[in-house]
Amino acid sequence: RSLAQSNCEEATQFAHQALDEFPDDPELVQLEERVIQWKQRKIQAYLWMDEGKQLCAENNFEEGLQVLRSAVSLDEHDPTPRSFLVDALLRAAVETVEDDFHTAEALAQEAVSLDPANPVAKSVIRSLKEKEQNHFISEVSGSPRKETAAPTQLPIDTPMRPQPAVPIAGVV
């Protein structure tokens, strides 16, 4: 059960205690091997997560996202690599929107599919849809339509989470 819930310490402790009591039990020996393999995958996932974060921080999104996707695939139940992948996907979407709208949209959609409740992902999707709608209206009408500013830069070092509203003096 601990393995299924990604509780590494609990699974390790359980396997060791059980083997202490029943050292020749083949099922417990097999369980200990699974725990060791699982720990190795978790370590590899975090190494890849760190590598992917660094590549994305260097604006090498193509390679960084691939490494982060690999990290998530090693332990799909661990929210940490998933969170960093979602954040990197959104940063990449914002960075590429002016050059390649369709890629930005696909990146943002992937982020939403990984974390449907993420408010930043939803906001980026809304901004992209509005940008697409404004572009279409401009094409049809022949005159540019004023666009609402889409995010143009997101902080590299911090996970993208909504920040509390800051009151502006004189505004109620």
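Residues numbered from 1 in each chain as written. Predicted model: local features only at pLDDT ≥ 70, side-chain atom pairs only at ≥ 80, totals over all residues. Heavy atoms only, no water.

Things to note about the overall build of the protein
Consideration 1: For the protein, the helix and strand inventory stands at six helices and zero strands.
Consideration 2: When the helices and strands of the protein are listed from N to C terminus, the series reads α-α-α-α-α-α.
Consideration 3: The proportion of buried residues among the 172 residues of the protein is 34%.
Consideration 4: Looking at the protein alone, contacts between residues at least 24 apart form 53% of all its contacts between residues at least 6 apart.
Consideration 5: Carbon together with sulfur atoms contributes 53% to the accessible area of the protein, which is approximately 11300 Å² in total. (Helix = DSSP H or I, 4+ residues; strand = E, 2+ residues; numbered from the N terminus. Buried < 20%, exposed > 50% of the residue type's maximum accessible area, 1.4 Å probe, protein only. Contact = heavy atoms within 4.5 Å. Areas by Shrake-Rupley, 256 points an atom, 1.4 Å probe, with all protein chains shown as cover.)

A short note on the nonpolar core
Consideration 1: Among the nonpolar cores identified, the biggest contains 27 residues, and Leu65, Leu90, Val124 and Leu128 are the most heavily contacted of them.
Consideration 2: Elements supplying a minimum of two residues to this core: α2 (26-57), α3 (61-74), α4 (79-96), α5 (101-114) and α6 (119-141).
Consideration 3: When residues in this core are grouped by element, the largest group, eight residues, is from α4.
Consideration 4: With sequence-adjacent residues up to four places away left out, Val124 is seen in contact with Leu90, Ala93, Val94 and Ala108.
Consideration 5: In this structure, Ala15, Leu19, Leu28 and Trp38 belong to the second largest nonpolar core, which totals eight residues. (Core = buried A, V, L, I, M, F, W, Y, C linked by side-chain atoms within 4.5 Å.)

Observations regarding α4
Consideration 1: Helix length check: α4 (18 residues) gives 26 Å between terminal C-alpha atoms against 26 Å at 1.5 Å per residue, within 8%.
Consideration 2: All of the buried residues along α4 are Pro81, Leu85, Val86, Asp87, Ala88, Leu89, Leu90, Arg91, Ala92, Ala93 and Val94.
Consideration 3: Each element contacted by the buried residues of α4 is listed here: α2, α3, α5 and α6.
Consideration 4: For α4, the N-terminal capping position is held by Asp78, with its side-chain oxygen 3.0 Å away from the main-chain nitrogen of Thr80. (Expected span 1.5 Å × (residues − 1). Polar contact = N/O pair within 3.5 Å; in protein donor to acceptor, adjacent residues only side chain to side chain.)

Looking at the environment of Asp87
Consideration 1: Along the chain, Asp87 turns up in helix α4.
Consideration 2: In this structure, the C-alpha to C-alpha distance between Asp87 and Val120, residues 33 residues apart in sequence, is 8.8 Å.

Concerning the packing of α5 against α6
Consideration 1: Contact pair α5 / α6: the axes reach a minimum separation of 9 Å and the direction vectors enclose 150 degrees. In terms of orientation, α5 and α6 fall into the roughly antiparallel class. In this structure, α5 crosses over α6, and the sense of that crossing is left-handed. Contacts from Phe101, Ala104, Glu105, Ala108, Gln109, Ala111 and Val112 in α5 reach Ala121, Lys122, Val124, Ile125, Leu128, Lys131 and Glu132 in α6.
Consideration 2: Looking at the contact of α5 with α6, its residues break down into nine nonpolar, one polar and four charged. (Axes fitted to C-alpha atoms, helices over the stretch in contact; angles between N-to-C directions. Parallel < 35°, antiparallel > 145°, perpendicular 65-115°, else oblique. Left-handed = near helix turned anticlockwise from the far one by under 90°. Nonpolar A, V, L, I, M, F, W, Y, C, P; charged D, E, K, R; others polar.)

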